[in-house]
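Here's the letter readout for the chains.
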Amino acid sequence: MTGRDWVLADAFDRAAPTYDAMVALSPGYHDQLRTAAETLVAGLPATGARPVVLDLGCGSGASTRAVLDAWAARGGPVGALDLTGVDASEGMVAQARGKAWPDGVDLVVSDALTHLRRLPDASVDGVLGAYLLRNVADRQALVDEVARVLRPGGVLVVHEYSVAGSLRARAIWAAVCHGVIIPLAAVKHSDVPLHRYLYTSVRDFDSVDQVCRRLQAAGLEDVRHRSYPGWQDGLVHTVVGTRSR
């Protein structure tokens, strides 16, 4: 892990106690996570061995919970999913571990790339990366490693903010961050520098087309994406790719 990653992890450690309260104030946050998780679960094998799923950048567990909820909605038995949440922030993982989880859920402190490199080829059925990719120094390496560990037919779902290439999206993002998110962080005694970083990390992140090209460069197929209605149209995106069978 680079020094940059450790500094960011420390910032998330400081924000961890108030993180759930902050994201709860974001309209559509949990509904959008659920949609991304449903896309992931829809790509898991319907029969056969117990599915293996990674939730990279799991934070305090909201995305992990979304995967479990989507699995249950599909009719998957409780405890029949091998689900590992991975995050570089000890504080965020501690928040996640303080919640109730069924059998089959593991929560690991590690940066995503290091965790992936420990896994054998073709050992995972699905990977969710929610609000992760823009925080990774070597984005292509991460996507390449996901493609390596996916089994044939396995699916990667990237759920992210992206405003590159859209003046409207960039203007809305700047207004929301400077007018709402950063002031609210101060009121909630959350980590204000982290929320300033949130603004710049999204502002400077890949375009959706670039994210799609990363998945294609890693050999993933059927790459597609969707955005969400309302003011987040063109800001929040879910990108999906599948490893060839």
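Please refer to the structure higher up on the page.
Overview of the structure. (Residues numbered from 1 in each chain as written. Predicted model: local features only at pLDDT ≥ 70, side-chain atom pairs only at ≥ 80, totals over all residues. Heavy atoms only, no water.)

## Things to note about the overall build of the protein
Line of reasoning, step 1. Along its length, the protein carries 9 helices and 7 strands.
Line of reasoning, step 2. Its C-alpha radius of gyration of 17 Å places the protein within 12% of the 18 Å reference for a compact globule of 245 residues.
Line of reasoning, step 3. C-alpha extents for the protein along the principal axes are approximately 50 × 40 × 35 Å.
Line of reasoning, step 4. By sequence separation, contacts in the protein at least 24 residues apart represent 74% of the contacts at least 6 residues apart.
Line of reasoning, step 5. Here the protein displays about 10600 Å² of accessible surface, and carbon together with sulfur accounts for 54% of that area.
Line of reasoning, step 6. Mean positive and mean negative side-chain charge positions of the protein (25 and 27 charges, respectively) differ by 3 Å. (Helix = DSSP H or I, 4+ residues; strand = E, 2+ residues; numbered from the N terminus. Rg over C-alpha atoms; globule rule 2.2 N^0.38 Å. Contact = heavy atoms within 4.5 Å. Areas by Shrake-Rupley, 256 points an atom, 1.4 Å probe, with all protein chains shown as cover. Lys, Arg positive; Asp, Glu negative; His and termini not counted. Charge placed at Lys NZ, Arg CZ, Asp CG, Glu CD.)

## Considering the packing of aromatic side chains
Line of reasoning, step 1. What the rule picks out here adds up to 4 aromatic pairs.
Line of reasoning, step 2. Seen from their ring centres, Tyr 29 and Tyr 131 are 5.6 Å apart, and the 15° between their planes marks the pair as stacked. In this pair, Tyr 29 sits in helix α2 (residues 29-42) while Tyr 131 sits in the loop between β4 (124-130) and α6 (139-149), placing the two residues 102 residues apart along the sequence.
Line of reasoning, step 3. Ring centres of Tyr 131 and Tyr 161 lie 5.1 Å apart, and the angle between their planes is 35°; on these two criteria the pair is classed as tilted. Placement of the pair is Tyr 131 in the loop between β4 and α6 and Tyr 161 in strand β5 (residues 150-161), with a sequence separation of 30 residues. (Phe/Tyr/Trp six-rings, centres within 6.5 Å; stacked < 30°, edge-to-face > 60°.)

## Remarks on the pairing of β5
Line of reasoning, step 1. With 10 of 12 residues buried, β5 lies mostly within the body of the structure.
Line of reasoning, step 2. Pairing analysis gives 6 bridges linking β4 to β5, with the strands arranged parallel. In the strand pairing of β5, Val 127 is matched with Leu 156.
Line of reasoning, step 3. Between the parallel pair β4 and β5, the chain is carried across by α6, and the sense of this crossover is right-handed. (Buried < 20%, exposed > 50% of the residue type's maximum accessible area, 1.4 Å probe, protein only. Pairing = 2+ DSSP bridges. Right-handed = clockwise from strand over helix to strand, strands pointing away.)

## Observations regarding the side chain of Ser 162
Line of reasoning, step 1. Tracing the backbone shows Ser 162 in the loop between β5 and α7 (167-187).
Line of reasoning, step 2. Residue class for Ser 162 comes out buried when judged on its relative accessible area of 5%.
Line of reasoning, step 3. With residues near it in sequence (within four places) discarded, Ser 162 still touches Phe 205, Asp 206, Ser 207, Val 208, Gly 234, Leu 235 and His 237.

## Points about unusual backbone geometry
Line of reasoning, step 1. Look at Ala 122: it is not a glycine, yet its phi comes out positive at around 50°.
Line of reasoning, step 2. Its place among the elements puts Ala 122 in the loop between α5 (112-117) and β4.
Line of reasoning, step 3. Judged by relative accessible area, which is 31%, Ala 122 ranks as partly exposed.
Line of reasoning, step 4. Its identity as a non-glycine residue notwithstanding, Tyr 131 has a phi of 55°, on the positive side.

That's the geometry; what it means functionally is another story.
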